[in-house]
Structures are given as structure tokens and as C-alpha cells.
Amino acid sequence: MPKFLLSLIFVCATTFVWAQDSQQEKLEQRKAQILQEIKDNEKMLQSVRKKEKSAVNEYLIQANKIKLKEKLINTTAKQERILSNDMYINQVQVNKLKKELAVLKEDYAKMILKSYKSRSEQSRAMFILSSESFLQAYKRAQYLKQYTNFRKNQGLEIQSKTAQLVDFNSKLDGQRKVKKKIIVENQKEKQSLEVEKKEQQKLVNAIKKDKNRIASDIRAKQSESKRIDRQIDRLIREAIAEANRKAALEKAKENPGSTTVKPVSSSKIAMTPEDKVLAADFKANKGRLPWPVEKGFISLGYGDQQHPLYPDIKVHNSGIEITTEDGANARSVFAGEVFSVMVLSPVNTVVMIQHGDYFSVYQNLSKVFVSKGEKVSIKQNIGKVRTSGDSGKTVIKFLILQNTTNSDPENWLQNR
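Analysis parameters
- Residues numbered from 1 in each chain as written.
- Predicted model: local features only at pLDDT ≥ 70, side-chain atom pairs only at ≥ 80, totals over all residues.
- Heavy atoms only, no water.
- Helix = DSSP H or I, 4+ residues; strand = E, 2+ residues; numbered from the N terminus.
- Contact = heavy atoms within 4.5 Å.
- Areas by Shrake-Rupley, 256 points an atom, 1.4 Å probe, with all protein chains shown as cover.
- Salt bridge = Lys/Arg side-chain N within 4 Å of Asp/Glu carboxyl O.
- Buried < 20%, exposed > 50% of the residue type's maximum accessible area, 1.4 Å probe, protein only.
- Core = buried A, V, L, I, M, F, W, Y, C linked by side-chain atoms within 4.5 Å.
- Polar contact = N/O pair within 3.5 Å; in protein donor to acceptor, adjacent residues only side chain to side chain.
- Phe/Tyr/Trp six-rings, centres within 6.5 Å; stacked < 30°, edge-to-face > 60°.
- Pairing = 2+ DSSP bridges.
- pLDDT = per-residue confidence, 0-100.

**Q** Is there a simple way to think about the overall build of the protein chain in this case?
**A** Each helix and strand counted, the protein chain has six helices and twelve strands in total. Long-range pairs, those at least 24 residues apart, make up 73% of the contacts in the protein chain between residues at least 6 apart in sequence. A total accessible area of about 25000 Å² is found for the protein chain, and carbon and sulfur atoms account for 54% of it.

Okay, structure coming up:
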């Protein structure tokens, strides 16, 4: 029973260590991803600083960089905690092996001493020959054989335990070095974070002087945003009504005797069986859709949003705004059909893609690579994101609607 319990404990400990190793690997991958995002963020920041157009945009990128640094510090801290747990388990194994090895060596020494005292073949023979019966002689011979095997096995077990002890000690040495490296990295990132926060505070002080101008810019952009939202809503309603009229005519041809005339809806599209399948697939991928740009961060969320520095200034956003790098391509988040290409100005175009009764909308494109009615695949490049000449920002506005109802796009995109 004790052997069974020891085996069970060893299996559980091994499984736990394997799980810790797996988690450590995931954290290392996440750390690499965050470091790449920080590098991309720094590239965007340098680009904006060169253009010297918008302190607010620089502040937003700086704020995202600080957020990424904090994530990196938290990830490194998790690595340190997991490594400490792993080291504790290995130390327990080392202590256990040392105790077992000490007991084995003591028993083995006693056995060797006893064996030395009765080492002559004559004494062994006399032990067997002095038996009172053949059966007793046989049992004594078996006993001597088992005793020899037991001594041999104990020697092998001592060798095995010694090898395990060396292995665990080696692991601990390696883990101590890794932990020391992680602690140094964490301290370095914390110092870097403090520098970033001081830089951010300088920007905050500079921006706060321009509150009136910023408020005026926000009002102008809100007015333009509402105008575009109305255009998109009107376009979708007109297209839904037209699609529903065609579907009603087709149905009337199939049933010429029917006199029932239903009003045509402009808010809910009549779907074909293929459209229903596509809509169901789109809905099933909520939370797993790729981002509409390869790199970037959400600089303005969905719905009513406060200005990052002036809580009394609020903006309403029908989608999300993603700040990306200069020259970035916009890409389709799911397979579908180009529903519309709407030119708002020579440098600002909107692409709408239909996925059953869902629509993904990509605003602020300077170039478009697709046309109305074209089938597109997931992650297909559909245009180039515009870089504003006024602010130096490269921002795509992204919307998701079901018929005419807006939804928070961030809930649809996969986590980064």
C-alpha cells in the first residue's frame, strides 16, 4: 500500500510539473507577442513624432505602449510565480530522494557487513547441509539466492536514485538561473515603464492647454461621423428593400395564383438558404474573427466614449477605431460579398461586405482593391487605410451590423 501511494504521488507531481512547463511555454509565447506589439507601437509612435501633427494621437499611442508594458510585466511576474512553484516541487523531490538514498545506503552497508562476515563458500554450504530435511535445504538455497538478488537490486536502486538526484539538482540550478534572468527583466521593464509614464505626463500637460481646440475638432469629427452613419444606414435600408422586392417578385412568379401582397421591409433582409448558412457561420465565429488590419490597437471603443484627458468631453462611436501603421492594408474579417463601395471623398472610401444578414464595414480607405458584387475570402486585402494629412494618424473605422442594428465589433474580434 505505501508503495502504491508513493507511485500515485510521483505520478501526480510529474503531471503537475508537465502542466507547469506547458503554462510556462504559453507565457513565453505571450511575452514574445507583447514584445512584438510594443515594437510595432514604437514604430507608429516614431512615425507620428516625425510628422508632428497631433499630440493627442501621440498620447493615445503612448498610452497603449504603457498598457502593453504593464501586460509584459504581469506576464513576466506570472512566469516567475510558476517557476517558483516548479522549483519548490523539484526541491521537495530532491529532499525526498536524499532521505531515500540515505536509508538505502545505510541498509546496503549493513547488508555488505553481514555478507562479509559470512563470506566463505564453506559457511554457505554448511548452512544448506545442516538442514534437517531436503525441503529445508531447498528453502535455504532459495533464501540465499533471493538474498543475493535483493542485494544486487538495492545496489541498482542506489544508482538510480543517485542519477535522479543529480538530474533534479541540475534542473534546480537551471531554474535558479532562469528565475534570476526573469527578475532582472522585470526590474528593467518596471524602470522603462516609469520613463514612459513621465513622457506621457509631459504630453498630458501640453495637450491640456489646447482643450478648446480639441473640443472644436471633436465636434467637427462627430458631425462628419454622424453624416457617414446616416449614409450607411440609408444605403443598407435601400439595398435591403431592393433585395426584398426582388425576392417577393420571384415568389410571386412561383405562385401566380396568390393575391397576398406583403409590405416590403427595409430593416430586415430576406435571406436565401445560402445566406442563412453564411450568417450562421459568421455568428458562430463571434470572438474569433481576425482583425481588419494585421497590426494595431483600438484607439476609440464602441458607443459613448470619454476623451482620455477630458472626462466632460464625450463622443459617440458606431464602431471602433483602430490605429495602425502607415501604409497598412484593410482586410476582410470573413468570407462574403462586397455589398457596396461608397466614395465619401477622393481620399476616403467605405467598403461594406455582406455575410448573410450581417455586414462588416471598413471606413477611411484611401484605395480600394475590390468592387461591388465581388466575392471575398477571409483576410483578403480589400483596400489601403488612409493616413490623415492633418493629424498624421492611420486609422480604420470598423463596424459590424446585423441588418441595420449596430454591434460592438470588439466582441467579435479575437483577443490580442
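**Q** Is there a simple way to think about the pattern of salt bridges in this case?
**A** A side chain with one charge may pair with a side chain of the opposite charge, provided their charged atoms come close. A full pass over the atoms with the stated rule returns four salt bridges. A salt bridge links arginine 234 to glutamate 238; the shortest N-O distance between them is 3.4 Å. Note that arginine 234 and glutamate 238 are positioned in helix H5 (residues 211-254) at a spacing of four residues, about one turn of the helix. Taking relative accessible area as the criterion, arginine 234 reaches 42% and is therefore assigned partly exposed. For the salt bridge of glutamate 242 with arginine 245, the shortest nitrogen-to-oxygen distance reads 3.2 Å.

**Q** Honestly, the environment of threonine 75 in this entry has me stumped. Any pointers?
**A** Note on placement: threonine 75 falls in helix H2 (residues 55-117). For threonine 75 and asparagine 186, which are 111 residues apart along the polypeptide, the C-alpha to C-alpha distance reads 9.5 Å.

**Q** In this structure, what is going on with the side chain of threonine 404? I would like to understand it.
**A** The topology assignment puts threonine 404 in the loop between strand E11 (395-402) and strand E12 (405-407). Non-local contacts of threonine 404, meaning those with residues more than four positions away in its chain, are made with Asp233, Ile236, Arg237, Ile240, Ser266 and Ser267.

**Q** I would appreciate a short explanation of unusual backbone geometry in the present structure.
**A** A negative phi angle is the norm for most residues apart from glycine, just as the trans form is the norm for most peptide bonds. Residues other than glycine seldom take positive phi values, yet asparagine 364 does so here, at roughly 75°. Tracing the sequence through the fold places asparagine 364 in strand E8 (residues 358-368). Of note in this structure, lysine 379 is not a glycine but carries a positive phi near 65°.

**Q** Which parts of the structure should I look at to understand the environment of glutamine 200?
**A** Secondary-structure assignment places glutamine 200 in helix H4 (residues 134-207). For the pair glutamine 200 and alanine 63, spaced 137 residues apart in sequence, the C-alpha to C-alpha distance is 7.2 Å. Once residues within four sequence positions are removed from consideration, glutamine 200 is found in contact with Tyr59, Gln62, Ala63 and Ile66.

**Q** Would you explain the nonpolar core in this entry?
**A** Side chains that are nonpolar tend, in soluble globular proteins, to be buried together. Within the largest apolar cluster, 25 residues are counted, with the highest numbers of intra-cluster contacts made by Leu289, Tyr362 and Ile396. Within the residue set of this core, elements represented by two or more residues are helix H6 (273-284), strand E4 (320-323), strand E7 (348-355), E8, strand E10 (381-385) and E11. Excluding residues within four positions of it along the chain, isoleucine 396 makes contact with Pro292, Val293, Ile320, Glu321, Ile322, Ala330, Tyr362, Gln363, Leu365 and Val385.

**Q** Teacher, can you tell me more about the side chain of glutamine 354 here?
**A** Tracing the sequence through the fold places glutamine 354 in strand E7. A residue is classified by how much of its surface remains accessible, and glutamine 354, at 15% relative accessible area, is buried. Of note is the side chain of glutamine 354, whose polar atom sits 2.8 Å from the backbone oxygen of glycine 356.

**Q** What is the right way to read the packing of aromatic side chains from this model?
**A** Note on aromatic pairs: each is described by the distance of the centres and the angle between the planes. Tallying each qualifying case throughout the model produces six aromatic pairs. Each ring, one from phenylalanine 282 and one from phenylalanine 334, has its centre 5.3 Å from the other, and the planes form 85°; the classification is edge-to-face. With a gap of 52 residues between them, phenylalanine 282 in helix H6 and phenylalanine 334 in the loop between strand E5 (329-331) and strand E6 (336-345) connect regions that are remote in the sequence. Accessibility expressed as a relative area gives 11% for phenylalanine 334, which makes it buried. By way of ring pairs, the aromatic residues Phe282, Phe334, Tyr358 and Trp412 are connected into one cluster.

**Q** Looking at this structure, I do not really get the pairing of E6. What am I missing?
**A** Side chains on a regular strand alternate between the two faces of the sheet. As defined by bridge partners, E6 adjoins strand E9 (residues 375-376) across two bridges and the pair is classed as antiparallel. Its bridge partner being in E9, glutamate 337 is matched across the sheet by lysine 375. In the sheet, E6 pairs with E7 via seven bridges, with the strands oriented antiparallel. Each residue of the ladder has a partner; that of serine 345, found in E7, is asparagine 348.

**Q** Explain the confidence of the model for the protein chain to me, please; I cannot follow it from the model alone.
**A** Should pLDDT be low for a region, the predicted coordinates there are not to be read in detail. Averaged over every residue, the pLDDT of the protein chain is 76; residues scoring 70 or more account for 67%. Per-element confidence in the protein chain ranges from a low mean pLDDT of 55 for helix H3 (residues 121-129) to a high of 97 for E5.

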